[in-house]
Amino acid sequence: MSVLPILTWPDSVLTQKAAPVGAVDDGVRALAADMLETMYDAPGRGLAAPQVGVLMRLFVMDAGWKDGERAPVVCIDPEVLGYSGEEVPFEEGCLSIPGIKATILRPAGLRLAWTDLDGARVIAALDGVPARVALHELDHLDGIVIFDRLGPETRAAALAEYQAATA
Ligand code: ZN
């Protein structure tokens, strides 16, 4: 396993739509293991394959490890089956946009299907922080970052803050 370099915005890979993974082979399992190591090292709660330069529909997450035991989840070819609850605000960061926090409105929960590392299809209902992490990572698979979830004025302010921080 190895820690991979994380691309930072505005790298063009971060704005592209990722392609389905399909069959889970040793290459996919190795990528997932490296992504988990990279996520824990960063440190972060989630990491999507495009963030390490791989345009595949795969993300890893562990919403609670900073407060307890590690419980890594690998979501391959995820598919949203439905959303639940109101849209709620939550302050998000992104490993590809270091130094920026933005309050984003997203659904409180979702039902998500994905393929696991054994190639089995899994369905789970996610709420709270796990739902938030999954929704953020799902956006990365479609080339969407937190800037894209902000209104025009908030986006301009966040971009200016980021540009100042990275200048
Ligand atoms: Zn992110």
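Okay, so let's go over this structure. (Residues numbered from 1 in each chain as written. Predicted model: local features only at pLDDT ≥ 70, side-chain atom pairs only at ≥ 80, totals over all residues. Heavy atoms only, no water.)

## A few points about the packing of aromatic side chains
If you walk through the whole model with that rule in mind, you get four aromatic pairs. Chaining the aromatic ring pairs together yields one cluster made of Trp9, Phe147 and Tyr162. For the cation-ring pair, Arg70 lies above Tyr40, with the distance from its terminal atom to the ring centre recorded as 3.8 Å. The ring of Trp65 carries Arg70 above its face, with NZ or CZ at 5.4 Å from the centroid. (Phe/Tyr/Trp six-rings, centres within 6.5 Å; stacked < 30°, edge-to-face > 60°. Lys NZ or Arg CZ within 6 Å of the ring centre and 35° of its normal.)

## Focus on the environment of Trp65
With respect to the helices, strands and loops of the structure, Trp65 is situated in the loop between strand S2 (58–61) and strand S3 (73–92). Separated by 21 residues in sequence, Trp65 and Gly44 place their C-alpha atoms 9.3 Å apart. Excluding anything up to four places from it in sequence, Trp65 contacts Met39, Tyr40, Pro43, Gly44, Arg45 and Arg70. Of note is the side chain of Trp65, whose polar atom sits 2.8 Å from the backbone oxygen of Gly44. (Helix = DSSP H or I, 4+ residues; strand = E, 2+ residues; numbered from the N terminus. Contact = heavy atoms within 4.5 Å. Polar contact = N/O pair within 3.5 Å; in protein donor to acceptor, adjacent residues only side chain to side chain.)

## Considering the pairing of strand S4 (residues 102–115)
Buried residues dominate S4, accounting for ten of its 14 residues. Note: S3 against S4, twelve bridges, orientation antiparallel. Within S4, the position partnered with Glu79 by the bridge is Ala113. In this sheet, strand S5 (residues 121–127) lies alongside S4 in antiparallel orientation, the contact comprising seven bridges. (Buried < 20%, exposed > 50% of the residue type's maximum accessible area, 1.4 Å probe, protein only. Pairing = 2+ DSSP bridges.)

## Some points on the coordination of the zinc ion
Only Cys94 (SG), His136 (NE2) and His140 (NE2) from the protein reach the zinc ion as donors, at distances of 2.0 to 2.2 Å. A relative accessible area of 10% places Cys94 in the buried class. (Donors = N, O, S within 2.8 Å, 3.2 Å for Na, K, Ca; no water.)

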